[in-house]
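Overview (structure and organization)
Chain by chain, the residues run as shown.
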Amino acid sequence: METKEKDDWTFKGADTRQLTHCYHDYPARMIPQIAAKLLDMFGKNAKLLFDPYCGTGTSLVEAKIRGINSIGTDLNPLACLIAKAKTTIPNLKELNKQISEFRKFSLTSKSLAFSSLPKIEGIKNLEFWFKPEVIEKLARLKNFINEIEDDSSRLFFQIAFSETVRESSNTRNNEFKLFRYKPEKLKNFSPDVFGIMISKLLRNRRGLGEFARIIDGDATKSRVKIYNFNSVIEIPEEYVSPSSVDIIITSPPYGDSRTTVAYGQYSRLSAAWLDMKEPEKTDRKLMGGQKAKKINKFPSAELNKTIDIIRQKDENRTLEVIAFYNDLFDSISNVSKVVKSGGYACYVIANRKVKNTLLPTDAAIRDFFRHFGFEHIDTFKRSIPNKRMALRNSPSNISGKIDNTMMQEFIVVMKKIA
Ligand SMILES: C[S@@+](CC[C@H](N)C(=O)[O-])C[C@H]1O[C@@H](n2cnc3c(N)ncnc32)[C@H](O)[C@@H]1O
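Examining the overall build of the protein chain
Along the protein chain, the regular secondary structure elements total 15 helices and nine strands. Here the C-alpha atoms of the protein chain give a radius of gyration of 22 Å, agreeing with the 22 Å that 2.2 N^0.38 yields for 418 residues. For the protein chain, the proportion of its 418 residues judged to be buried stands at 46%. A fraction of 77% describes how many contacts in the protein chain between residues 6 or more apart in sequence connect residues 24 or more apart.

Re the nonpolar core
The biggest cluster of nonpolar side chains holds 109 residues, and the ones touching the most others in it are Ile82, Ile248, Ala345 and Cys346. Sorting elements by how many residues they give to this core places helix 14 (residues 315-338) first, with nine residues. Counting the residues that make up this core, at least three belong to each of domain 1 (29-75 + 221-260 + 279-416) and domain 2 (92-215). The contacts of Ile248, once residues within four sequence positions are left out, are Phe50, Asp51, Val335, Val339, Tyr344, Ala345 and Cys346.

Considerations on the confidence of the model for the protein chain
Chain-level statistics for the protein chain give a pLDDT mean of 90 and a share of 90% at 70 or above. In this model, residues 387-402 is a region of pLDDT below 50 whose contacts with residues beyond four sequence positions or in other chains number 33 contacts.

Notes on helix 5 (residues 92-109)
In an α-helix, one turn spans 3.6 residues; hence positions three or four apart end up facing the same way. End to end, helix 5 covers 25 Å across 18 residues, agreeing with the expected 26 Å (1.5 Å per residue, within 8%). Within helix 5, the full set of buried residues consists of Leu95, Gln98 and Phe102. Across the axial projection of helix 5, the buried residues extend over an arc of 55°, all falling on one side. In helix 5, the exposed residues that point more than 90 degrees away from the buried face are Lys93, Ser100, Lys104, Leu107 and Thr108.

Section: the site of the ligand
Around the ligand there are 22 residues in total, and Tyr53, Gly55, Thr56, Thr58 and Asn76 lie nearest to it. Residues belonging to the shell around the ligand are distributed by class as follows: twelve nonpolar, eight polar and two charged.

Quick look at unusual backbone geometry
Not every positive phi belongs to a glycine, and Ser243 is a case in point at roughly 50°. Inspection of the secondary structure assignment puts Ser243 in the loop between strand 3 (224-227) and strand 4 (245-250). Classification of Ser243 as exposed rests on a count of 11 C-beta atoms within 10 Å. The backbone of Asp275 shows a phi angle near 60°, a positive value even though the residue is not glycine. Classification of Asp275 as partly exposed rests on a count of 13 C-beta atoms within 10 Å.

Quick notes on helix 10 (residues 193-215)
Between its first and last C-alpha, helix 10 extends 33 Å over 23 residues, near the 33 Å set by a 1.5 Å rise per residue. Regarding helix 10, the residues found buried are Val193, Phe194, Ile196, Met197, Lys200, Leu201, Asn204, Leu208 and Phe211. The inward-facing, buried residues of helix 10 abut helix 5, helix 7 (132-146) and helix 8 (151-168). Phi turns positive one or two residues past the end of helix 10, at Asp216, with a value near 65°.

A closer look at the packing of helix 8 against helix 11 (residues 263-273)
Contact geometry for helix 8 and helix 11: axes closest at 9 Å, N-to-C directions at 120°. Considered as vectors, helix 8 and helix 11 are oriented oblique to each other. Regarding helix 8 and helix 11, the two cross each other, and that crossing is right-handed. Contacts from Ser162, Val165 and Arg166 in helix 8 reach Leu269, Ser270 and Trp273 in helix 11. Of the residues assigned to the contact of helix 8 with helix 11, the class counts are three nonpolar, two polar and one charged.

As for the environment of Val224
With respect to the secondary-structure elements, Val224 resides in strand 3. Placed 167 residues apart in sequence, Val224 and Gly57 show a C-alpha to C-alpha distance of 9.9 Å. For Val224, the residues in contact, after removing those within four places along its chain, are Leu60, Lys64, Ser70 and Thr87.

Analysis parameters
- Residues numbered from 1 in each chain as written.
- Predicted model: local features only at pLDDT ≥ 70, side-chain atom pairs only at ≥ 80, totals over all residues.
- Helix = DSSP H or I, 4+ residues; strand = E, 2+ residues; numbered from the N terminus.
- Rg over C-alpha atoms; globule rule 2.2 N^0.38 Å.
- Buried ≥ 20, exposed ≤ 12 C-beta atoms within 10 Å, placed from the backbone.
- Contact = placed C-beta atoms within 7 Å.
- Core = buried A, V, L, I, M, F, W, Y, C linked by C-beta atoms within 7 Å.
- Domains from an automatic or database assignment.
- pLDDT = per-residue confidence, 0-100.
- Expected span 1.5 Å × (residues − 1).
- Arc of directions from axis to C-beta.
- Near = placed C-beta within 6 Å.
- Nonpolar A, V, L, I, M, F, W, Y, C, P; charged D, E, K, R; others polar.
- Axes fitted to C-alpha atoms, helices over the stretch in contact; angles between N-to-C directions.
- Parallel < 35°, antiparallel > 145°, perpendicular 65-115°, else oblique.
- Left-handed = near helix turned anticlockwise from the far one by under 90°.

Below, the structure written as structure tokens:
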């Protein structure tokens, strides 16, 4: 690879929504070009990729394209569902049949009225988040989808449905947190629920077509397994064997969900409509979700120094910060055991500010991996050209406030030597 090309991680103007990457929006998605480039640089002979925070499965899709087996895990059930859909190629004939059935259904079913509105477990006041006519239409879509017998076609429809739920809800669409439209906007808000669903289905069908062509119809060429275990606690050996992974490509959360990205909150409405259990509990289980009880040190001088600065400003906030790095440290401890000697760990991260102090998460990741027998290969820097960043809400958690320090991402590459 030419040096210039090797150093350019911006991918300005690149199509980040090609193939099945177009399926579903998600906060802080990794752009596929990063996973692709890392695989081309460090995964030439890789047989197995692992992503301990796989989100919507960007790195799993890129592994599949290259015939590499992959394992992903995420605690957010909606993310797992999207990742599964993005890496599954349904029987295209069957899927096309279902799409045309749905088009017919949408013409005939629109005007029928329910005698009473359905209840959706997991959303207490449904009518706060959806207009009654929207609830009715979503319920019809849900019934149609539940009757699709073919599992992979149904999965494909569920993903389009999830985005339809979000776009036809009373929530402001350009926010990842749940904010309801103002009353004056709501008055004239009349989403075309069936129209949104059809446009998602057709967009995703196009992406799937490209993906299937690249895989060359051989969907079994590589295996993809998606789990919901928490690598902070353990990586079960029956899912990922010790010293079995050639390359990790992952983007962990940038901080705890409460003050950075509320993945659970983002997913809540869709998850409830898709009958996922207790969607509101997700955020507490994610990294840094439980405040630490005491302040401890880490094997990273840079991180310790920064934590001391924050401590002088706010001891309580320091415990939240510590909780996140404790989890990151435990997760890296477990992750480092499943990587083969000579294997790579590539972490894509942005550094966040707390109390106006920049936390060196890239350095912490480097130092934690060193502690577990890895050498530092490089940290590539990347300016983020697209400002629809998940960290809009950070550091103040004020809606719409953008923190400029988040405009840079770091790609930390480590190699296992021990
Ligand atoms: C930055 S996102 C990953 C985005 C992903 N690379 C993509 O392209 O969609 C971080 C993910 O970590 C997940 N997560 C947070 N804490 C976790 C944990 N302890 N175990 C597993 N997943 C976790 C969140 O649910 C979220 O999906």
